[in-house]
Amino acid sequence: MESINYNQWGMHLKYEDENKKIYTQSKPDSEHIFFKLYPGIEIMLCSFDFQLQWGGKTYQLPDYFQVSYSYNGIVQMELEKDRLSFIDPGDIYVIQNVKKTYHGKVTTPNYRGFNLLITPEFIPEPNQFIFKSQFDLDMEQLYKKICRNPTFFQLKLFDQAIHICEELFDSLIKEEIGLIRLKTIEFLMLLSKTDFNQFHVRQTFSSKNIKKTEAIKEYMDNHLEDYITIEKLCIQFEITPTLFKNCFRELFYHPPYEYLLKVRLAKAAELLEYTNKSIVTIAKEIGYKNSSNFTRSFKNMYKITPSQYRELEIK
């Protein structure tokens, strides 16, 4: 069964049987499980208790598309230069034919989810026929449909998709290969019937306003400890708040305040892991006057308290 070459990510094949492959990675010391579903279709169980990072290079990849689901935890990716994307708990994203990642990072220590990987050229014609005749699933048409969209887009969250993803994730944890195959086909059938014209269409902005927006973002990144208001920053950088908010969302996929919150808490997680600073001190360094408010915000995003996060990282 042909497959993507994962050695490019520093992975080395440790074990393989008819249903799965296990790769090891030295930095960080970890294992990654891939389930072999059909030729050209495999799924990676994402279960990381550490902050994984990758990117900064071009990969040799066939044409593909990937559907990523986050059951728990946050991923930050820079698939286009200076354009950050976040995958939050419960999100379903489609990535197609991205062959260079500037930077990718799992920002939480307890990430759970999966990456469903499809390489159309590896799917033999007999399998294509079976998918179409037995499941009314035209993989060629599905791939063409996905390719008409941006290289990275979020599927609109709807109950049926989330329900299937949760069941698929549960079957991956239990390694129930028959159920994994069944739920994967069910999910791909749903995708083939989904209207992808439901994600946000990008607006265009002048280079002048893009530079101003990027300058404000840089200011926010470098002044996490300050009390920041959009109105004051827009006056300082001579751009209207409405234009700035729209431009910021297009460039960085999040509203400014939501982005600022995530960056502040990511910085807090870094300080908890790599320093001995008190929680009160860390809260002040990222702009919280009240450590209780900081703890509440941190737990809302990371699902554990700052103290629990530090204890987990020490272990």
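Since the structure is predicted, the reported quantities are computational estimates derived from the model, not experimental observations.

Draft legend 1. Here's a closer look at the overall build of the protein. In terms of regular secondary structure, the protein is built from eleven helices and 14 strands. Taken over C-alpha atoms, the radius of gyration comes to 21 Å for the protein, in line with the 20 Å a tight globule of 315 residues would show. Out of the 315 residues belonging to the protein, those deemed buried represent 50%. Residue pairs in contact within the protein that sit at least 24 positions apart in sequence constitute 69% of those at least 6 positions apart. For the protein, the exposed area adds up to about 15900 Å²; of that, 50% sits on carbon and sulfur atoms. In the protein, the 40 positive side-chain charges and the 41 negative ones have mean positions that sit 5 Å from each other.

Draft legend 2. Structural detail: the confidence of the model for the protein. Of all residues in the protein, 93% have pLDDT values of 70 or greater, and the mean over the chain is 87. Within the protein, helix 4 (residues 177-192) carries the highest mean pLDDT (96), whereas strand 9 (residues 83-87) carries the lowest (71).

Draft legend 3. Summary view of the packing of aromatic side chains. Counting across every chain of the model gives 19 aromatic pairs. Their ring planes at 90 degrees and their centres at 5.3 Å tell us that Y38 and F131 sit as a pair that is edge-to-face. One end of the pair, Y38, is in strand 3 (residues 30-38); the other, F131, is in helix 1 (residues 125-135), and 93 residues separate them in sequence. Overall, the relative accessible area of 19% leaves Y38 in the buried class. Assessed through its relative accessible area of 2%, F131 is described here as buried. Arranged with centres 5.5 Å apart and planes meeting at 85 degrees, the rings of F298 and Y309 form a pair that is edge-to-face. One end of the pair, F298, is in helix 10 (residues 291-302); the other, Y309, is in helix 11 (residues 306-314), with eleven residues separating them in the sequence. The same class applies to F298 as to Y309, namely buried.

Draft legend 4. Seen up close, helix 5 (residues 207-222). Given a rise of 1.5 Å per residue, 16 residues ought to cover 22 Å, and the 22 Å separating the end C-alpha atoms of helix 5 matches this to within 8%. Of the positions making up helix 5, those classed as buried are N209, K212, T213, I216, K217 and M220. Axial view of helix 5: buried residues confined to an arc of 140 degrees, hence all on one face. Turned more than 90 degrees from where helix 5 packs its buried face, S207, K208, K211, E218 and N222 sit exposed.

Draft legend 5. Quick peek at the pairing of strand 4 (residues 41-48). Burial within strand 4 is extensive, with seven of its eight residues counted as buried. Taken together, the five bridges between strand 3 and strand 4 define a ladder with antiparallel strand orientation. Note that in strand 4 the partner of K36 across the bridge is E42. Hairpin remark: strand 3 followed by strand 4, antiparallel, with two residues in the connecting loop; positive phi at G40, about 85 degrees.

Rules of the game
Think of each chain on its own: its residues are numbered from 1, step by step along the sequence as written. Only residues with pLDDT of at least 70 get local features here, since the model is predicted, and only at 80 or more are side-chain atom pairs given and counted; chain-wide, interface and lining totals rely on the full set of residues. Based on all heavy atoms of the structure, the side-chain values leave hydrogens and waters out of the count. Helix and strand definitions follow DSSP, with helices as H or I runs of at least four residues and strands as E runs of at least two, each counted in order from the N terminus. This radius of gyration counts C-alpha atoms alone. The globule rule is 2.2 Å times how many residues there are, raised to the power 0.38. Exposed residues in this analysis have more than 50% of their type's maximum accessible area, buried residues have under 20%, and partly exposed residues fall in between, with area computed by a 1.4 Å probe over protein chains only. Any two residues having at least one pair of non-hydrogen atoms within 4.5 Å are treated as being in contact. In this description, accessible areas are obtained by the Shrake-Rupley approach with a 1.4 Å probe, and a residue is regarded as covered only by the protein chains that are shown. His is not counted here, nor are the chain ends, while Lys and Arg score as positive and Asp and Glu score as negative. A charge is said to be at NZ when it belongs to Lys, at CZ for Arg, at CG for Asp and at CD for Glu. One number per residue, pLDDT, summarises how confident the predictor is, and it ranges from 0 to 100. Note on aromatic pairs: the rings of Phe, Tyr and Trp (six-membered ring only in Trp) are paired at centre separations within 6.5 Å, and the planes decide the class, stacked below 30 degrees, edge-to-face beyond 60, tilted for the rest. Given a helix with a known number of residues, its expected span is that number minus one, times 1.5 Å. What the arc measures is the spread of directions leading from the helix axis to the C-beta atoms. Should DSSP find at least two bridges between two strands, the strands are taken to pair.

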